[in-house]
Amino acid sequence: MGETIMKETVDILLATYNTNPIYLKEQIDSILNQTYKEIKLIISDDYSETSSQIKEILEEYQKRDNRIIIFFQEKNIGYIKNFEFLLQKSKSNYIMFSDHDDIWYENKVEVSLKKLKEKNVDLVYCNAKQIDENGKVIHENYFKYKNVPLINNKSHLAISRCIGIGCSQIFTKEVKERMLPFKENVMAHDWLA
């Protein structure tokens, strides 16, 4: 990757709610251990019922890594509004969504950003494997399992249901600006059109 790409920050937006601490730690570790180090991990907990345990975990990570920014909602706003909140907090030119129970390959950010830059597009998405709570692969190819069409269209700027899943996407600030504010009838943060 070129030197200019390596210096650009990617905001990774992680929404949490009643998260299993084991899954949360695995996901945060998989993000912090990315080969691409220029990241900001922005986390918003949506007033978890186990908020003291989640808060303790998140604050411990924040003490260890200054790339982490955390927010705690004062009431439950739902995952759609929580992702909207996170998008509003994002300042970088490149953004990725993360769910609290994902585990990312160590080069996910690097490969995604490189592809976005090479193709000169506003959004890139990747395939995923679906695993169970023990890490056993349930579906090797998420696109095939969900019948997700592959799109290679430079002019397609909006995130929609047909563009993979939120945790598979990297997109530009321009896409974010088109998404905000969310419309009232949005089905999910990654279904916007």
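The rules behind the values
Residues numbered from 1 in each chain as written. Predicted model: local features only at pLDDT ≥ 70, side-chain atom pairs only at ≥ 80, totals over all residues. Heavy atoms only, no water. Buried < 20%, exposed > 50% of the residue type's maximum accessible area, 1.4 Å probe, protein only. Helix = DSSP H or I, 4+ residues; strand = E, 2+ residues; numbered from the N terminus. Pairing = 2+ DSSP bridges. Phe/Tyr/Trp six-rings, centres within 6.5 Å; stacked < 30°, edge-to-face > 60°. Core = buried A, V, L, I, M, F, W, Y, C linked by side-chain atoms within 4.5 Å. Contact = heavy atoms within 4.5 Å. Salt bridge = Lys/Arg side-chain N within 4 Å of Asp/Glu carboxyl O. Axes fitted to C-alpha atoms, helices over the stretch in contact; angles between N-to-C directions. Right-handed = clockwise from strand over helix to strand, strands pointing away. pLDDT = per-residue confidence, 0-100.

Another aspect to go through is the pairing of strand β4 (residues 94-99). Most of β4 is tucked away, with five of its six residues classed as buried. Of the strand pairs in this sheet, strand β1 (residues 10-16) and β4 are connected by six bridges, and their pairing is parallel. Residue pairing in the sheet places Leu14 in a bridge with Ser98 of β4. For β4 and strand β8 (residues 169-172), the ladder comprises three bridges, and the chain directions are antiparallel.

Time to look at the packing of aromatic side chains. Applying the stated criterion to the full structure yields three aromatic pairs. Judged by centre distance (5.2 Å) and plane angle (85 degrees), the rings of Phe71 and Phe85 are edge-to-face. Pair noted here: Phe71 is in strand β3 (residues 68-72) and Phe85 is in helix α4 (residues 79-89), with a separation of 14 residues, a long-range link. Using a relative accessible area of 23% as the deciding quantity, one classes Phe71 as partly exposed. Owing to a relative accessible area of 18%, Phe85 belongs among the buried residues under this scheme.

Next up on the list: the nonpolar core. Val10, Ile12, Ile28, Leu41, Ile43, Val109 and Ile170 are the most contacted members of the largest nonpolar core, which has 26 residues in total. Elements that contribute at least two residues to this core include exactly β1, α2 (21-32), β2 (39-45), α3 (51-64), β3, β4 and α5 (108-119). Not counting chain neighbours up to four residues away, the residues in contact with Leu41 comprise Ile12, Leu14, Ile28, Ile31, Leu32, Arg67, Ile68 and Ile69. Within the second largest apolar cluster, 15 residues are counted, among which are Phe97, Phe171, Met179 and Phe182.

Attention now moves to the pattern of salt bridges. This model, assessed by the stated rule, comprises five salt bridges. A salt bridge links Glu8 to Lys117, with the shortest nitrogen-to-oxygen separation between them at 3.1 Å. Of the two residues, Glu8 sits in the loop between α1 (3-6) and β1 while Lys117 sits in helix α5, which places them 109 residues apart along the sequence. Assessed through its relative accessible area of 30%, Lys117 is described here as partly exposed. Between Glu118 and Lys115 there is a salt bridge, with the nearest N and O atoms lying 4.0 Å from each other.

With that settled, the discussion passes to the sheet that holds β3. Each strand in a sheet pairs with its neighbour through backbone hydrogen bonds, running either in the same direction (parallel) or in the opposite one (antiparallel). Spatial strand order, β3-β2-β1-β4-β8-β5: six strands in an open sheet with mixed pairing. Edge strands, defined here as strands with exactly one partner in the open sheet, are β3 and β5 (123-125). For this sheet the average axis-to-axis angle between neighbouring strands, irrespective of direction, equals 20 degrees. Sitting on the sheet, α4 touches β1, β2, β3, β4 and β8, and the angle it makes with β1 is about 155 degrees.

What follows deals with the pairing of β1. Along a regular strand, successive side chains alternate from one face of the sheet to the other. Counted residue by residue, β1 has seven buried out of seven residues, so it is predominantly covered. On β1, burial covers both faces: Val10, Ile12, Leu14 and Thr16 on one face and Asp11, Leu13 and Ala15 on the other are all buried. As defined by bridge partners, β1 adjoins β2 across seven bridges and the pair is classed as parallel. When the sheet's bridge partners are listed, Asp11 is paired in β2 with Lys40. At this point the chain moves from β1, through α2, to the parallel β2, and the crossover so formed is right-handed.

The next point concerns the confidence of the model for the protein chain. A residue-level look at the protein chain finds 75% of positions with pLDDT of 70 or above and a mean pLDDT of 83. Averaged pLDDT values over the elements of the protein chain bottom out at 53 in α1 and peak at 98 in β2. Within the model, pLDDT remains below 50 along residues 154-162, and this stretch shows 29 contacts once partners closer than five positions in the same chain are excluded.

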